[in-house]
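# Architecture at a glance
Next come the chains, spelled out residue by residue.
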Amino acid sequence: MKKFFSLLLALALALSLAACGGKDSETTPPPTESNGGQTQTPPPAGDVTITVAALASGYEEAYPGMWQEVCDAFTEATGVKVNLICDKNLEDVIGPSMQGGDFPDVIHLATGREKGLTEQFIKDRNIAELTDVLNMTVPGESVKVSDKIVGGFTETSVTNPYGDGLTYLAPMFYSPCGLFYNAGLFEEKGWSVPATWDEMWELGDKAQAEGIYLFTYPTTGYFDAFLYALMYSVGGADFFNKATTYAEGIWDTPEAQQCFDIIARLASYTNPVTPAQANDQDFTQNQQLVLENKALFMPNGTWIVGEMAEAPRAEGFKWGMTALPAAKAGGNGASYCWLEQAWIPAAAPNLDAAKQFVAFLYSDAACAIFAKGGAVQPVPGLTDNLEGDNKLFYSIYDNGADAAMGSFAAYNAVAGLGTVREVFLDPVNGLVNGSITVEQWISDVKAASDQMRANIMG
């Protein structure tokens, strides 16, 4: 893990240097300072109830009531009551009320979702700044929030989307992402996990001869972690940083062409039923393909174990996880570090209490509750006690994989310009079912990237 965290910090610093800077942004009321430089947000006056909206993900399925237990612990520590909204389709639940001007105080919803709600708030600059929260004392404890977060996690474009050195999204659950597979099947067949893409194609042909497809994916949204890791393994931090900031000519480089070629070829090895099921309602059916040996690999994160805990599976099934293969023999594979975020809408009605809640998310009490669902936060020491599958998954960086972290830079909304997911990822469905050519996809990426660069925030 020491190697992992040093890689994260180095990458975070690189991303920070690559980002553009210097633009005034909305700020929250100035905090008050206490001894030791810690920020003490004034306690909310009167009888306050905040609304917290949290995605019911695989972690909540693994430990039902996880979020409610955290909210109850917060109330016990601060006296602030919490009205919790927790749903798998969170955007559909809170979207209509927000359109009417009724906003939750805190939202736990990561970027990369099909509906792109968090990205829309980022583009519209409708997220409250959280930099001062890092200096707040964790409710019920005597340490600052920043002391409870591993270095590097609050300096990436995932949490600081505008490149201005300020934090707007709080880093929450993180997960090494990679290719998940049935280790039991590999043992039964005597197959080795591919270390390079050439070995991957050889395995694809071998599996195809036995009626097993090489690949599937839950939804195209899962290709974000895949694409980030692929870019990092092909071109290292330099190519990754230039690509995620839409550097001029970046998609005409040999590294970019290699990325396009790999994804296009992988599409030809993908189980053909995948696109029809690649949506927020049916995605578990694609995950089921791996459990039933109808596909070998799928991109995913550590939450998959809890999410599919009750799903039927082939006899002898055992979870396996590997980094993306190396771009060339002797090189390193790469694994993207998926990071979920919590944030506060700029129009939150109870800003001070909302910031207290975000600070509490890093308390020992909250961390212990989240851990019951398998949710790991970037808090020092939390990975020391991992067991079973999670111990295997989180050791991926200790086993030679490079860590990739960060995301495409935010850009101002432009009429006709799609989201990152719509431009880079959603076309994979078309590559698999033949409704779009590789050449058209690449052309669209280049055209959209030029617009993104011209309208980049910062």
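As a reminder, the structure under discussion sits directly above these lines.
The text that follows walks through the structure, step by step, so that each part is easy to find. (Residues numbered from 1 in each chain as written. Predicted model: local features only at pLDDT ≥ 70, side-chain atom pairs only at ≥ 80, totals over all residues. Heavy atoms only, no water.)

Turning our eyes to something else, we now look at helix α18 (residues 438–454). A rise of 1.5 Å per residue sets the reference length of α18, with its 17 residues, at 24 Å; its end C-alpha atoms lie 25 Å apart and thus fit the reference within 8%. Along α18, the residues classified as buried are Trp441, Ile442, Val445, Ala448, Ser449 and Met452. Considered in projection along α18, the buried side chains sweep an arc of 135° and stay on one side of the axis. Across from the buried face of α18, at angles greater than 90 degrees, the exposed residues are Glu439 and Ala454. (Helix = DSSP H or I, 4+ residues; strand = E, 2+ residues; numbered from the N terminus. Expected span 1.5 Å × (residues − 1). Buried < 20%, exposed > 50% of the residue type's maximum accessible area, 1.4 Å probe, protein only. Arc of directions from axis to C-beta.)

The next point concerns the state of the cysteines. Scanning the model with the defined rule gives zero disulfides in all. For the unlinked cysteine cysteine 71, the closest cysteine sulfur is that of cysteine 86, found at 8.5 Å. Judged by relative accessible area, cysteine 71 falls into the buried class, the value being 1%. (Disulfide = S-S within 2.5 Å.)

On to the environment of methionine 405, then. For methionine 405, the position within the fold is in the loop between β10 (402–404) and α16 (420–425). A relative accessible area of 0% means that methionine 405 is categorised as buried. As for methionine 405 and alanine 225, which are separated by 180 residues in sequence, their C-alpha atoms are 9.0 Å apart.

Moving on: unusual backbone geometry. One non-glycine residue, tyrosine 246, lies in positive phi territory at about 60°. Here tyrosine 246 shows up in the loop between α8 (223–244) and α9 (254–268). The residue asparagine 293 is not glycine, and still its phi comes out positive at about 60°. When its relative accessible area of 19% is taken as the criterion, asparagine 293 is described as buried.

Throughout the structure, instances matching the rule amount to 15 salt bridges. A salt bridge links lysine 115 to aspartate 92, with the shortest nitrogen-to-oxygen separation between them at 3.8 Å. Placement of lysine 115 in the loop between β3 (106–108) and α5 (117–123) and of aspartate 92 in helix α4 (residues 90–99) is noted, with a sequence separation of 23 residues between them. Judged by relative accessible area, lysine 115 falls into the partly exposed class, the value being 43%. When its relative accessible area of 43% is taken as the criterion, aspartate 92 is described as partly exposed. For aspartate 450, the salt bridge identified is with arginine 453, shortest N-O distance 2.9 Å. One end of the pair is aspartate 450 and the other is arginine 453, both in helix α18 and three residues apart, which spans about a single turn. Classification of aspartate 450 as partly exposed rests on a relative accessible area of 40%. (Salt bridge = Lys/Arg side-chain N within 4 Å of Asp/Glu carboxyl O.)

The next point concerns the side chain of serine 407. Relative to the elements of secondary structure, serine 407 occurs in the loop between β10 and α16. Taking the relative accessible area as the measure of exposure, serine 407 reaches 15% and is therefore buried. Those residues in contact with serine 407, other than ones at most four positions away along the chain, are Ser157, Val158, Tyr228, Thr244 and Tyr336. (Contact = heavy atoms within 4.5 Å.)

As a further point, take the packing of aromatic side chains. Each aromatic ring pair is specified by the distance between its two centres and by the angle formed by the two planes. Under the defined criterion, the tally for this structure stands at 38 aromatic pairs. Between phenylalanine 121 and tryptophan 343 the ring centres are 4.9 Å apart and the planes differ by 50°, which places this aromatic pair in the tilted class. In this pair, phenylalanine 121 is assigned in helix α5 and tryptophan 343 in strand β9 (residues 334–343), connecting sequence segments 222 residues apart. For the pair phenylalanine 121 and tryptophan 343, one class covers both residues: buried. Taking the centre distance of 6.1 Å and the plane angle of 80° together, the rings of tyrosine 246 and tyrosine 411 count as edge-to-face. Here the residue tyrosine 246 occupies a position in the loop between α8 and α9, and tyrosine 411 occupies one in the loop between β10 and α16, the gap between them amounting to 165 residues. Of the two residues, tyrosine 246 and tyrosine 411, neither departs from the other in class, the shared state being buried. Taken together through their ring pairs, the aromatic side chains of Tyr228, Tyr232, Phe240, Tyr246, Trp251, Phe260, Tyr336, Phe408, Tyr411, Phe424 and Trp441 make up a single cluster. A cation over a ring is seen here: arginine 125 above tyrosine 162, with NZ or CZ 4.0 Å from the ring centre. (Phe/Tyr/Trp six-rings, centres within 6.5 Å; stacked < 30°, edge-to-face > 60°. Lys NZ or Arg CZ within 6 Å of the ring centre and 35° of its normal.)

Further remarks concern the sheet that holds strand β5 (residues 178–182). Pairing in this open sheet of four strands is mixed, and the strands run β6-β7-β5-β8 from one edge to the other. Every other strand in the sheet has two partners, leaving β6 (213–215) and β8 (319–322) as the edge strands with one partner each. Averaged over neighbouring strand pairs, the angle between their axes works out to 25° when direction is ignored. Sheet topology note: the β6/strand β7 (residues 295–300) ladder contains two bridges and is parallel. Looking at the pairing, tyrosine 213 lines up with alanine 295 of β7. (Pairing = 2+ DSSP bridges. Axes fitted to C-alpha atoms, helices over the stretch in contact; angles between N-to-C directions.)

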